[in-house]
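Each chain is listed here by its residues.
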Amino acid sequence: MIWIQTKEAMRTRDNRLVAEAMEHGAIGFVHVVPKKWTMRDVYEMKIAIAWREEMKTYNIPVVFVSHVPKESEVWAYGHQIERPKLVEWTQIVTGAGKPYQKFTPFYKKAKMYPFHVEEASVTWRVQKEVEIPWEEVDVQLPRWSETITFPLLCEEDVLTYLATIDLSWYADARDEIENEAVTRLSPYLSTGLVTSRTVIAYGLQEEAFVRQLLWREFAHMTAWAQPHVTERPLYEKFQTFPWRDDEVQFTRWCRGETGYPIVDAAMRELWQTGYMHNRLRMITASFLTKHLRIHWRKGMNYFMETLVDADEASNALNWQWVAGVGVDNSPYFRIFNPLEQGKKYAKTGAYIRTWCPEVQDVHQEQNGAIIMHEEARKRALFHYEQWKEHDSNN
Ligand SMILES: Cc1cc2nc3c(=O)[nH]c(=O)nc-3n(C[C@H](O)[C@H](O)[C@H](O)COP(=O)(O)OP(=O)(O)OC[C@H]3O[C@@H](n4cnc5c(N)ncnc54)[C@H](O)[C@@H]3O)c2cc1C
């Protein structure tokens, strides 16, 4: 009997972990119920509840536990079998055999190889009742999750959705916030309801889109090669950068009360739905790290708690990228003007008004704004220059 962690394993297609486990006989799944819930935990729990129902047809138990005792052997992606990838990371390396630090050369090299295709799908079969060696726990989802509409909960629905995706205007419009051209596949990729190989197998191969899937792959490769990406800046010199500690301003950012309509709309949408468009993630992360000069790790941790697609590697790499502390990033001195970003990518104001109905002029700082843009920009540049001169060993 083999027990498998539900994490990233609740699907039929491209699932070698489960297919191989079944070759050894009966299987069961264990799902660890968290003590403190993030948005993504709740979403995963809901997927696991639907999975438990589906698995009943085959007598395959899905057990909810508080923890997995150290001594018990439980199969999991990343242990018995590596996570599904599009390319072989050990092959996509520099001339010196090192992992790429920059995305563009990684991307160009990755495109030189055919992508890995889907591996075994699981052929489910009814098994005999098995004894459960685990102590089950009751699941109490947090009250706040009751009002949230979560993305799809089972693979079949996601596959149906995949078949409907039209990428013909993705390249031109992926930055648009109001006329959304992006796919919203990230919760499914993050929880493993589908793999990027299945996405490709469904014919979603438009170049600009595949480039984004490879950004994800690059983030995961980086976290594998440099696991400290969630802790320290990859651009080591930034270890000494003087971030500000300001709980009041941080809370205003989290709550969408900065007085910058585009920032506030995005942060409120995140809080109420767990979703935020990529362009808005860039604008809000830039605002926190440059306008407010608050540590990127605080923002990163807040996104990990609130995003329904929270993914440690993608989140950390992107935060480092926006903050300008990674190795392949927009430099710290390039500072987004949130008002201009709003005019360009959320032109009509409809998006902003949905989340900030109180706002009159959607492309202006509001009365009592946390800081004036020009002043914030100057201060950020001043501190950056000072740090460069005195502390960064440049
Ligand atoms: C500060 C910040 C934090 C982020 N945190 C996360 C996170 O926790 N989880 C997460 O999945 N993505 C994260 N991203 C990347 C990106 O914003 C989301 O993947 C994207 O918005 C998801 O929407 P979509 O599926 O409609 O994207 P699409 O544009 O349709 O892209 C398709 C897929 O490509 C991948 N992808 C797209 N852009 C990126 C990117 N910049 N980096 C890595 N993969 C990408 C995602 O898997 C996405 O589902 C973050 C970006 C920023 C700037």
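- An unreviewed UniProt entry annotates the protein as FAD-binding domain-containing protein of Savagea faecisuis.
- Turning to the protein, the UniProt record has this under Cofactor (unreviewed entry): "FAD".
- Here is the UniProt Sequence similarities (unreviewed entry) comment for the protein, exactly as written: "Belongs to the DNA photolyase family."

Remarks on the pattern of salt bridges
Between side chains of opposite charge, a pair can form as their charged atoms come close.
Argument step 1. Under the defined criterion, the tally for this structure stands at 22 salt bridges.
Argument step 2. Its salt-bridge partner being D309, residue R281 comes within 2.9 Å of it at the nearest N-O pair. You can see R281 sitting in helix α11 (residues 278–291) and its partner D309 sitting in the loop between α12 (296–306) and α13 (312–323), a full 28 residues away along the chain.
Argument step 3. Through salt bridges with shared partners, a single network forms among D14, R16, E20, E119 and R197.

Details of the layout of surface pockets
Argument step 1. If you add up the space inside the largest pocket, you get close to 1,100 Å³.
Argument step 2. Around the largest pocket, the lining is made up of 39 residues, and of these E8, R83, H220, D311 and A313 lie nearest the centre.
Argument step 3. Listing elements by their share of the lining of the largest pocket, those giving two or more residues are α2 (39–56), α6 (186–191), α8 (207–225) and α13.
Argument step 4. Broken down by element, the lining of the largest pocket gets its largest block of residues, five residues, from α8.
Argument step 5. The class makeup of the residues in the lining of the largest pocket is 14 nonpolar, eleven polar and 14 charged.
Argument step 6. The volume enclosed by the second largest pocket comes to roughly 950 Å³.
Argument step 7. S186, Q212, N278, R281 and N318 are the residues nearest the centre of the second largest pocket, which is lined by 36 residues in total.
Argument step 8. Where the lining of the second largest pocket is concerned, the elements lending two or more residues are α6, α8, α11 and α13.
Argument step 9. When the residues that make up the lining of the second largest pocket are grouped by side-chain class, the tally is 19 nonpolar, nine polar and eight charged.
Argument step 10. Counting only domains with at least three residues in the lining of the second largest pocket, you end up with domain 2 (84–117 + 155–225) and domain 3 (229–390).

Some remarks on empty space enclosed by the protein
Argument step 1. Counted under the stated rule, the structure contains one cavity of 30 Å³ or more.
Argument step 2. Taken as a whole, the largest cavity encloses approximately 80 Å³ of empty space.
Argument step 3. Those elements that provide at least two residues to the lining of the largest cavity are α8 and α13.
Argument step 4. Of the residues assigned to the lining of the largest cavity, the class counts are six nonpolar, five polar and one charged.
Argument step 5. For the lining of the largest cavity, the domains that each give at least three residues are domain 2 (84–117 + 155–225) and domain 3 (229–390).

So, the environment of S168
Argument step 1. Within the secondary structure layout, S168 lies in the loop between α4 (155–162) and α5 (170–173).
Argument step 2. Counting along the chain gives 38 residues from S168 to E206, while the straight-line C-alpha distance between them is 7.9 Å.
Argument step 3. Of note is the side chain of S168, whose polar atom sits 2.7 Å from the side chain of D166.

Topic: the site of the ligand
Argument step 1. In the vicinity of the ligand, 26 residues are found, and the nearest of them are Y170, T183, R184, L185 and N278.
Argument step 2. Within the side chain of N278, an N or O atom sits 2.7 Å from an oxygen atom of the ligand.
Argument step 3. Here a nitrogen atom of the ligand sits 3.0 Å away from a polar atom, N or O, in the main chain of D309.
Argument step 4. Burial of the ligand by the protein amounts to 98% of the accessible area it has alone, namely 820 Å².
Argument step 5. In a pocket analysis with a 2 Å cut-off to the grid points, the ligand is assigned to the second largest pocket.
Argument step 6. Elements represented by at least two residues in the shell around the ligand include exactly α6, α8, α11 and α13.
Argument step 7. For the shell around the ligand, the leading source of residues is α8, giving five residues.

A short note on the pairing of strand β3 (residues 62–65)
Argument step 1. Judged by which residues are buried, β3 turns out to be covered on both faces: V62 and F64 on one side and V63 and V65 on the other are all buried.
Argument step 2. Direction of pairing for strand β2 (residues 27–32) relative to β3: parallel, over a ladder of four bridges. Each residue of the ladder has a partner; that of V30, found in β3, is V63.
Argument step 3. For the crossover that starts at β2, traverses α2 and ends in the parallel β3, the hand is right-handed.

Overview of the nonpolar core
Argument step 1. The biggest cluster of nonpolar side chains holds 117 residues, and the ones touching the most others in it are I4, F29, W124 and W253.
Argument step 2. In terms of residue count, α2 provides more of this core than any other element does, eight residues in total.
Argument step 3. Not counting residues up to four positions away in its chain, the partners in contact with F29 are W3, I4, T6, A9, V18, W51, M55, I60, P61, V62, V63 and W124.
Argument step 4. Within the second largest apolar cluster, six residues are counted, among which are W3, V30, V63 and V65.

Looking at the pairing of β2
Argument step 1. Along β2, five of the six residues are buried, which leaves the element largely enclosed by surrounding structure.
Argument step 2. In this sheet, β2 lies alongside strand β1 (residues 2–5) in parallel orientation, the contact comprising four bridges. From the neighbouring strand, I2 faces β2, where its bridge partner is I27.

Regarding the sheet that holds β2
Argument step 1. If you walk across this open sheet you meet the four strands as β3-β2-β1-β4, and the pairing is parallel. Lying at the two open borders of the sheet, with one neighbouring strand each, are β3 and β4 (74–75).
Argument step 2. Contacts from α2 reach β2 and β3 within the one sheet, and its direction differs from that of β3 by about 145 degrees.

Notes on the packing of aromatic side chains
Argument step 1. Taken as a whole and judged by the stated rule, the model has 31 aromatic pairs.
Argument step 2. Seen from their ring centres, W51 and W124 are 5.6 Å apart, and the 70 degrees between their planes marks the pair as edge-to-face. Within this pair, whereas W51 is found in helix α2, its partner W124 is found in the loop between α3 (103–110) and α4, the two being separated by 73 residues in sequence.
Argument step 3. Ring centres 5.8 Å apart and planes at 25 degrees place the aromatic pair F250 and W253 in the stacked group. Of the two residues, F250 and W253 both sit in helix α9 (residues 247–255), three residues apart, roughly one turn of that helix.
Argument step 4. When its relative accessible area of 10% is taken as the criterion, F250 is described as buried.
Argument step 5. Overall, the relative accessible area of 0% leaves W253 in the buried class.
Argument step 6. Chaining the aromatic ring pairs together yields one cluster made of Y235, F238, F241, W243, Y332, F333, Y384 and W387.

The rules behind each value
- Residues numbered from 1 in each chain as written.
- Predicted model: local features only at pLDDT ≥ 70, side-chain atom pairs only at ≥ 80, totals over all residues.
- Heavy atoms only, no water.
- UniProt positions renumbered as here; feature names shortened; annotations may be inferred.
- Salt bridge = Lys/Arg side-chain N within 4 Å of Asp/Glu carboxyl O.
- Helix = DSSP H or I, 4+ residues; strand = E, 2+ residues; numbered from the N terminus.
- 1 Å grid on protein atoms, 1.4 Å probe; cavity = no way out; pocket = protein on both sides within 12 Å on 5 of 7 lines; lining within 4 Å.
- Points joined across faces, edges and corners; volume = space filled by probe spheres on them.
- Nonpolar A, V, L, I, M, F, W, Y, C, P; charged D, E, K, R; others polar.
- Domains from an automatic or database assignment.
- Polar contact = N/O pair within 3.5 Å; in protein donor to acceptor, adjacent residues only side chain to side chain.
- Near = heavy atom within 4 Å.
- Areas by Shrake-Rupley, 256 points an atom, 1.4 Å probe, with all protein chains shown as cover.
- Sits in = over half its atoms within 2 Å of the grid points.
- Buried < 20%, exposed > 50% of the residue type's maximum accessible area, 1.4 Å probe, protein only.
- Pairing = 2+ DSSP bridges.
- Right-handed = clockwise from strand over helix to strand, strands pointing away.
- Core = buried A, V, L, I, M, F, W, Y, C linked by side-chain atoms within 4.5 Å.
- Contact = heavy atoms within 4.5 Å.
- Axes fitted to C-alpha atoms, helices over the stretch in contact; angles between N-to-C directions.
- Phe/Tyr/Trp six-rings, centres within 6.5 Å; stacked < 30°, edge-to-face > 60°.

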